[in-house]
Structures are given as C-alpha cells and as structure tokens.
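Coordinates in review
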Amino acid sequence: MKEKNVVGYSFLQFENLSSFPALEHFITTRHPLLDLSQEEGRKRLECILGERDIFTVKQVHGAQWVVVEEHSFPSSFEETQADALLTQRKGVYLGVKVADCLPVIFFDPEREALALLHAGWRGIIQGIHLRVAQAMKNLFSSSYSQLVVGIGPGIGKCCFSVGEEVAELFEQRERRGGNVDRKEGRFLINLKGFLFDELVDQGFDPHKVEVAPHCTFCEKELFYSHRREGEGAGRFMLLASLKEGW
Ligand SMILES: [Zn+2]
C-alpha cells in the first residue's frame, strides 16, 4: 500500500490498482478526523470528492450484492440491504464503510468493471467474495484470472480472536490450512489470508491480489476499530470509481 495526500487528508491506495489510469480508488483514514459513520464526515468527504455521486448501501454482514446501473440514484441504495456493489458505470464512486471488516475491490481492466465488498467474518462464511466473483462473470463476462484485487485494511490475525463455533466454521471450510490458530484456549483467524486462499482456489491470479498489511485494531492512529472502540466506533471508507474518458 502507499499513501496519497488529498487536500490535507491522508489516504491509502493499493499499489497494484494504482497502475490503472481507468480506475480511481482510495481508503480514507482517521488522520485528520474523517468519520464516515457521521453525517458530518460524509459531507466532508463529498466536499473532497467534488460533485460526483457516492453510492453506498445499508451493510448488514450478509452476502447480497447490488448493481449500480447507468440511471441509478444514490438515494435509492442507502436503505438497500447489501454488502457489495458492482458497476460498469463511469464517473460515480462506490463506497463501503468498515471498522475491522475487510474492504475489498475487484477490478476488471479488460471489461472495465468494478466491485466493492464489505467482508466481515459472517459475509466471508456466507461466501460474499465467491458470489460477487460469480456475478462479475455473469454480468460483465469477467474472467477470474483477469481480476485485480485489493484486500484490507482490516483486523489482523494478531487481534481477531473468536469463539470455538466461529473457529470451527473456518476450519471446516479451509482447504490449505494455516488461517486458524488454536492457542491456549484462544482461536485466532486470519481473515485476509482466508479470503486470499479462497480466491486463488477459484482461479484468481495470486500475483494480482494485494493484501494490506495493516491491522485496524493495532493501528489506532490510522483506523477505526469496532473491536477496540465498541458500538460507537467510527468508520473509514474504501472508495473506487471508473474514470470517464478511458
Ligand atoms: Zn492487530
């Protein structure tokens, strides 16, 4: 990942996705204060981005996706329960809000298509990443090996301890092993590693998948964390847009 300064705000970008002129993307941080769980933060973000629409959905830790069409309006998506947005429309932003869950981008440079996912453990167990990949294939004729992917920042294995029932769900699904650690009665899950492995198993090119090293729980200067801060935790956002004129 690399830093990008936008009018005094410190944003992050995936290295692999930065090389495509047809795509614009960034991840907000809390430096300086930009909390997307608040109306004020949203307004400030709209000022930073200018006139362009930002499409977000009502995220519910599920595996449903929605498509932003040419004539869609942001207001009709705000109350739509879903955890992923897909589009081929240019000039609008898609956004997902997170605070420990993984923000994920799938970008298809061949078909000029884009998907953003909010992937927490519940969504991942429900296969949100697999469903969105399938949807891109069906809707946009994307081939998995062409997709360029960014995963994270989210809670790291260092800090994501879960109960035995959740650990078992992951263990039952794991084909390679290594993403669930049982240590002295604790269970630690590597969500990013699990997602990476499942995508590669489906035919994604591992060299096109970048995983953010950051842990949202550990890095409190940069990120909001639901685990660390509780119910009132702020949210940061992954935003992406297909650029017009490409
Ligand atoms: Zn950590």
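Residues numbered from 1 in each chain as written. Predicted model: local features only at pLDDT ≥ 70, side-chain atom pairs only at ≥ 80, totals over all residues.

**Observations regarding the sheet that holds strand S14 (residues 209-211)**
Note the threshold: DSSP calls a pair of strands paired once it identifies at least 2 bridges connecting them. Runs of H or I in DSSP of at least four residues are treated as helices and runs of E of at least two as strands, each being numbered from the N terminus. Note on geometry: axes are lines fitted to C-alpha atoms, helical ones only across the stretch in contact, with angles between N-to-C directions running from 0 to 180 degrees. Residues are scored as being in contact if the C-beta atoms we place from backbone atoms lie within 7 Å.
Spatially, 6 strands are ordered S5-S6-S9-S8-S10-S14 in an open sheet, and the strand pairing comes out mixed. Strand pairing shows two members of the sheet lacking a second neighbour, strand S5 (65-68) and S14, which therefore form its edges. Recorded for the sheet is a direction-independent mean angle of 15° between the axes of neighbouring strands. For S5 and strand S6 (residues 84-87), the ladder comprises 4 bridges, and the chain directions are parallel. From the neighbouring strand, Trp65 faces S6, where its bridge partner is Ala84. With respect to the sheet, helix H4 (residues 128-140) is in contact with S5, S6, strand S8 (102-108) and strand S9 (113-119), its orientation differing from that of S9 by roughly 165°.

**Structural notes on helix H6 (residues 191-202)**
What counts here: Take the residue count of a helix, subtract one, and multiply by 1.5 Å to get its expected span. Exposure criterion: with C-beta atoms placed from backbone coordinates, a residue whose C-beta has 20 or more other C-beta atoms within 10 Å is buried, one with 12 or fewer is exposed, and one in between is partly exposed.
Here H6 spans 17 Å end to end across 12 residues, near enough to the 16 Å set by a 1.5 Å rise per residue. For H6, every residue scored as buried is listed here: Leu191, Lys192, Phe194, Leu195, Phe196, Glu198 and Leu199.

**Observations concerning the environment of Leu147**
Mapped onto the elements of the fold, Leu147 is located in the loop between H4 and strand S10 (148-151). Look at Leu147 and you get buried, because 26 C-beta atoms sit within 10 Å. When the C-alpha atoms of Leu147 and Phe204 are compared, they prove to be 6.9 Å apart, with 57 residues separating the residues in sequence. Residue contacts for Leu147: discarding those within four places in its chain leaves Phe106, Phe107, Asp108, Ser142, Phe204 and Lys208.

**What to know about the packing of H4 against H6**
Rule in force here: By definition, any crossing whose near helix is turned counterclockwise from its far helix by less than a right angle is left-handed, and any crossing with a clockwise turn is right-handed. Each residue receives one of three labels: charged for Asp, Glu, Lys and Arg, nonpolar for Ala, Val, Leu, Ile, Met, Phe, Trp, Tyr, Cys and Pro, and polar for the others, Gly being one of them.
For the pair H4 and H6, interaxial distance at closest approach is 10 Å and the crossing angle is 35°. Between H4 and H6 lies a crossing of right-handed hand. Two secondary-structure elements touch here, H4 through His129, Leu130 and Ala133 and H6 through Leu195, Glu198, Leu199 and Gln202. The class makeup of the residues in the contact of H4 with H6 is 4 nonpolar, 2 polar and 1 charged.

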